[in-house]
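Remarks on the overall topology
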Amino acid sequence: MGEGEEKGEGEEKGWFIYSFVARGTMVLAEYTEYTGNFPAIAAQCLQKLPSSNNKFTYACDHHTFNFLVHDGYAYCVVAKESVPKHVSIAFLERLKADFKKRYGGGKADTATAKSLNKEFAPVIKEHMQYVIDHADEIEKLLKVKAQVSEVKSIMLDNIDKAMDRGEKLKDLADKTTDLHYQAQDFRKQGTKVRRKMWFQNMKIKLVVLGILLLLVLIVWVSVCQGFDCTKHHN
């Protein structure tokens, strides 16, 4: 890619090669301490960026072109491939927050190409140096955030599972209630059936008893030739 000669001194300054802020495809402010064709390559990447809010990284000639797209604005930093991706993204997040704080009132919405260079280019340089000087702290902070995000994800998953279990328990409780009512109805019906069968048995017993009494009466009358068996014949 031919990054050319470094205008500054120091190995750490070589982490970040070039950075800009753009509205759509129009660059409003940029900063670099190098000469080379990376601005042209970054501009080509900018033309092809999706408009949705997201983070994008492209690799080219031992460099990474990192983009953060948010609400119609694109924040870019070109870094050496040795720079961890999360460090480049942390720089872009800082750049976005500062840019929105300074120009969130609408000034950036009407700014022309590179019209914010004088004001914001030094700010880009400051953020580059800050991230380089505090790379270890930023990395630790990002690890903590990742752990918090993981714990949050686990908690949300557990809550979903608990809610799902709660719904299943509710269904089980409803089924238990239904079974309870069904058991009560069954007991009531059983009591009615038992009473009905008892009355039927009593009827049969009374009928049988009546028949037996009638038979006894017939035998009595036949033997005694009447109802009085106390008569004695001379």
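Note that the structure is predicted; figures quoted are calculated from it, not measured.

1. Digging into the packing of aromatic side chains
In the structure shown here, the tally under the stated rule is twelve aromatic pairs. Note on Tyr-18 and Phe-38: the rings are 5.8 Å apart at their centroids and 45° apart in plane angle, and the pair reads as tilted. A residue pair is termed long-range when its members are at least 10 positions apart, and Tyr-18 in strand E1 (residues 16-23) and Phe-38 in helix H1 (residues 38-48) qualify at 20 residues. Neither residue differs from the other here; Tyr-18 and Phe-38 are each classed as buried. Considering the side-chain rings of Phe-99 and Phe-120, the 5.2 Å spacing of their centres and the 80° angle between planes classify their relative orientation as edge-to-face. Of this pair, Phe-99 sits in helix H2 (residues 85-103) while Phe-120 sits in helix H4 (residues 117-133), placing them 21 residues apart in sequence. Here Phe-99 and Phe-120 have matching classes, each one buried. Pairwise contacts between aromatic rings join Tyr-18, Phe-20, Phe-38, Tyr-58 and Phe-67 into one cluster. When the ring centre of Tyr-130 is taken as reference, the NZ or CZ atom of Arg-94 above it lies at 3.9 Å.

2. Here's the deal with H1
Along H1, the positions that sit buried rather than exposed are Phe-38, Ile-41, Ala-42, Cys-45 and Leu-46. Summarising the axial view, the buried residues of H1 lie within an arc of 145°, below the 170-degree limit, and thus occupy one face. Relative to its buried face, H1 has exposed residues pointing more than 90 degrees away, namely Gln-44 and Gln-47.

3. A short note on the pattern of salt bridges
According to the stated counting rule, one finds six salt bridges in the structure shown. In this structure, Glu-93 and Lys-96 form a salt bridge, with 3.5 Å as the shortest nitrogen-oxygen distance. Linking Glu-93 with Lys-96, this pair stays in helix H2, spanning three residues, or about one helical turn. In this structure, Asp-98 engages Arg-102 in a salt bridge whose closest nitrogen and oxygen atoms are separated by 2.6 Å. One end of the pair is Asp-98 and the other is Arg-102, both in helix H2 and four residues apart, which spans about a single turn. Judged by relative accessible area, which is 46%, Arg-102 ranks as partly exposed.

4. Quick look at a nonpolar patch on the surface
Judged by side-chain polarity, Ile-204, Val-207, Val-208, Ile-211, Leu-212, Leu-214, Leu-215, Leu-217 and Ile-218 come together as a nonpolar surface patch covering roughly 820 Å² of accessible area. By the secondary structure assignment, Leu-214 is in helix H5 (residues 135-224).

5. A short note on unusual backbone geometry
Positive phi outside glycine occurs at Asp-71, with the angle close to 50°. Structurally, Asp-71 is set in the loop between strand E4 (63-70) and strand E5 (73-80). Residue Lys-114 is not a glycine yet carries a positive backbone phi of 60°. Mapped onto the fold, Lys-114 is located in the loop between helix H3 (107-110) and H4. Assessed through its relative accessible area of 43%, Lys-114 is described here as partly exposed.

6. Some details on the sheet that holds E1
A sheet is described by the order of its strands in space; here five strands give the open sequence E2-E1-E5-E4-E3, paired in antiparallel fashion. Taken across any chain shown, the strands that pair with only one partner, and hence form the sheet edges, are strand E2 (26-32) and strand E3 (54-60). Each strand of the sheet is rotated relative to its neighbour by a mean of 15°, with strand direction disregarded. Direction of pairing for E4 relative to E5: antiparallel, over a ladder of eight bridges. The residue bridging Leu-68 from the neighbouring strand is Tyr-75, located in E5. Running at roughly 40° to E1, H1 makes contact with E1, E2, E3, E4 and E5 of the sheet. Lying on the sheet, H2 is in contact with E1, E2, E3, E4 and E5; it crosses E5 at an angle near 145°.

7. Here we look at the environment of Ala-79
Looking at where Ala-79 falls in the secondary structure, it is placed in strand E5. Here Ala-79 falls in the buried class, since its relative accessible area comes to 0%. The spatial distance from the C-alpha of Ala-79 to the C-alpha of Trp-15 is 5.7 Å, given a sequence separation of 64 residues. Those residues within four positions of Ala-79 in sequence are excluded, and the remaining contacts are Trp-15, Phe-16, His-63, Thr-64, Asn-66 and Ser-88.

Conventions adopted
Residues numbered from 1 in each chain as written. Predicted model: local features only at pLDDT ≥ 70, side-chain atom pairs only at ≥ 80, totals over all residues. Heavy atoms only, no water. Phe/Tyr/Trp six-rings, centres within 6.5 Å; stacked < 30°, edge-to-face > 60°. Helix = DSSP H or I, 4+ residues; strand = E, 2+ residues; numbered from the N terminus. Buried < 20%, exposed > 50% of the residue type's maximum accessible area, 1.4 Å probe, protein only. Lys NZ or Arg CZ within 6 Å of the ring centre and 35° of its normal. Arc of directions from axis to C-beta. Salt bridge = Lys/Arg side-chain N within 4 Å of Asp/Glu carboxyl O. Patch = residues over 30% accessible without salt bridge, like charges linked within 9 Å, V, L, I, M, F, W, Y side chains within 5 Å. Areas by Shrake-Rupley, 256 points an atom, 1.4 Å probe, with all protein chains shown as cover. Pairing = 2+ DSSP bridges. Axes fitted to C-alpha atoms, helices over the stretch in contact; angles between N-to-C directions. Contact = heavy atoms within 4.5 Å.

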